Amino acid sequence: MKAPTFYDHPALQPLVGPLRQHTLRQLHTITGAGEPSAPADPTEAYATAVFERVGELQNGIDSMRLALFAVMDLPERESSGWREYQYHYENFLLRLTGVSDRAHRLVGTSLCLAPSKFEKPGGNTTVVKSIPRTLSALVSALAHIEAVTGSKRRIRNEVAHSNAFSTRELSLFSTIEQLNFEDFDPQEVRGLMVHHFRSGGAELAGLLGSLVQAVNQLLAALAPVISEHGGGTSSMSNSPDSAL
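Being a predicted model, the structure only gives us computed values, none of them experimental.

Caption draft 1: Highlighting the overall build of the protein. Regarding its fold elements, the protein presents 10 helices and zero strands. Counting from the amino terminus, helix and strand elements in the protein follow one another as α-α-α-α-α-α-α-α-α-α. Evaluated residue by residue, the protein yields a buried proportion of 41% over its 244 residues. Sequence-distant contacts in the protein: of pairs separated by 6 or more residues, those separated by 24 or more amount to 77%. For the protein, the computed accessible surface area is about 13100 Å², with 54% contributed by carbon and sulfur atoms.

Structure representation (structure tokens):
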């Protein structure tokens, strides 16, 4: 049985029909089973654009989950070492803050803003300022995602631009390995390493769980927007920023 994904969120269900129609027409065009594909109608174009943004969010979460699983697997493998932990932890961090950017782009697309307005530096602020006052829950949901991802932003930026991820424990393990100290009990060192791996895995699992919850809250807050723009063509055609 397929695990639930963001695609399954109730808020997105009004878009499933138009997306299916567009996808089926594209498939028939590729296989030669139908006429050359006509341009998607506004509702189909909207559904496709929104689901593409949701897909980017899902891909980010899935990649973080793979990094988390790798960290959690380390204690079970005798051959695992601190370098592997460092690599997978960094991989998780580097993808973490991107979720906030992808969330803002989903909102921008859902509001029918022109991509040129938010796919640039400062675009997240533009998206937030464009949210109607009646959708305060949407602003709060974006702020929640930003808070979760922002908790590791400083460390993530250091990893991305200057320093490898490290902790007091990782520095200790590195020193013992690099200098080949022989007066340390290998089993004791391994026990400390396993404890550190498990602690880090638990931390990342909690962070990912909070982030998934925050994204689901964002999708719920988007429900009235999606219902309005995905329910027909009139709201799309009247929007000055409907270029997708």
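Caption draft 2: Representation of the pattern of salt bridges in the model. Tallying each qualifying case throughout the model produces 10 salt bridges. Where arginine 65 meets aspartate 62, a salt bridge forms, and the shortest distance between an N and an O atom there is 3.3 Å. Pair noted here: arginine 65 and aspartate 62 are both in helix H2 (residues 42–73), with a separation of three residues, about one helical turn. By relative accessible area, aspartate 62 is classed as partly exposed at 30%. The shortest N-O distance in the salt bridge between glutamate 146 and arginine 153 comes to 2.7 Å. Overall, glutamate 146 belongs to the partly exposed group, its relative accessible area being 31%. Beyond isolated ion pairs, a larger network of salt bridges with shared partners links Asp73, Arg77 and Glu84.

Caption draft 3: Region of interest: the packing of aromatic side chains. The final tally for this structure, using the stated rule, is three aromatic pairs. A centroid spacing of 6.2 Å and a plane angle of 10° characterise the contact between tyrosine 7 and phenylalanine 51, whose relative ring orientation is stacked. Linking tyrosine 7 in the segment before helix H1 (16–31) with phenylalanine 51 in helix H2, this pair joins segments that are 44 residues apart in sequence. In this structure tyrosine 7 comes out as partly exposed when scored by relative accessible area, which is 33%. With a centroid separation of 5.1 Å and an interplanar angle of 20°, the aromatic rings of tyrosine 85 and phenylalanine 197 are classed as stacked.

Caption draft 4: Fine view of a nonpolar patch on the surface. Side chains of Leu66, Phe69 and Met72 sit close together on the surface and give an oily, nonpolar patch of about 340 Å² of accessible area. By relative accessible area, leucine 66 is classed as exposed at 61%.

Caption draft 5: Looking closely at the nonpolar core. Of all hydrophobic cores here, the largest spans 57 residues; its most connected members are Val107 and Leu218. Contributions of two or more residues to this core are made by H2, helix H3 (82–96), helix H4 (98–110), helix H6 (136–150), helix H8 (168–178) and helix H9 (186–229). Counting residues per element, this core draws most heavily on H9, at 15 residues. Not counting chain neighbours up to four residues away, the residues in contact with valine 107 comprise Val127, Ile131, Leu138, Leu142, Leu218 and Leu222.

Caption draft 6: Main features of the side chain of serine 110. Mapped onto the elements of the fold, serine 110 is located in helix H4. Residue classification places serine 110 among the buried residues on the basis of a relative accessible area of 0%. Within the local environment of serine 110, its side chain forms a polar contact with the backbone oxygen of leucine 106, the two atoms lying 2.8 Å apart. Those residues in contact with serine 110 that lie beyond four places of it in its chain are Tyr46, Val50, Leu222, Val225 and His229.

Caption draft 7: Expanded view of the side chain of serine 100. Structurally, the position occupied by serine 100 is in helix H4. For serine 100, the residues in contact, after removing those within four places along its chain, are Asn124, Ile145, Glu146 and Thr149.

Thresholds applied
- Along each chain, residue indices are assigned from 1 in the same order as the chain's sequence is written.
- Whole-chain, interface and lining totals are the exception, using all residues; otherwise, since this is a predicted model, local features are given only for residues with pLDDT of at least 70 and side-chain atom pairs are given and counted only at 80 or more.
- With hydrogens and water stripped out, all remaining heavy atoms of the structure feed into the side-chain values.
- Labels follow the DSSP assignment, with helices taken as runs of H or I lasting at least four residues and strands as runs of E lasting at least two, numbered in each case from the N terminus.
- Burial here depends on accessible area, computed with a 1.4 Å probe over protein chains only, as a share of the maximum for the residue type. Under 20% is buried, over 50% is exposed, and the range in between is partly exposed.
- Residues count as neighbours in contact if any of their non-hydrogen atoms are within 4.5 Å of one another.
- Computed by Shrake-Rupley with a 1.4 Å probe, the accessible areas treat only the displayed protein chains as cover when residues are assessed.
- A pairing counts as a salt bridge when a side-chain nitrogen of Lys or Arg comes within 4 Å of a carboxyl oxygen of Asp or Glu.
- We call Phe, Tyr and Trp rings a pair once their centres come within 6.5 Å, taking the six-membered ring for Trp, and we label the pair stacked below 30 degrees between planes, edge-to-face above 60, and tilted otherwise.
- Patch membership requires more than 30% relative accessible area and the absence of a salt bridge. Residues of like charge join within 9 Å; the nonpolar side chains Val, Leu, Ile, Met, Phe, Trp and Tyr join within 5 Å.
- By nonpolar core is meant a set of buried Ala, Val, Leu, Ile, Met, Phe, Trp, Tyr and Cys residues that side-chain atoms within 4.5 Å join together.
- Side-chain atoms alone can form a polar contact between residues adjacent in sequence; in general such a contact is a pair of N or O atoms within 3.5 Å, and within protein one must be able to donate a hydrogen while the other accepts it.

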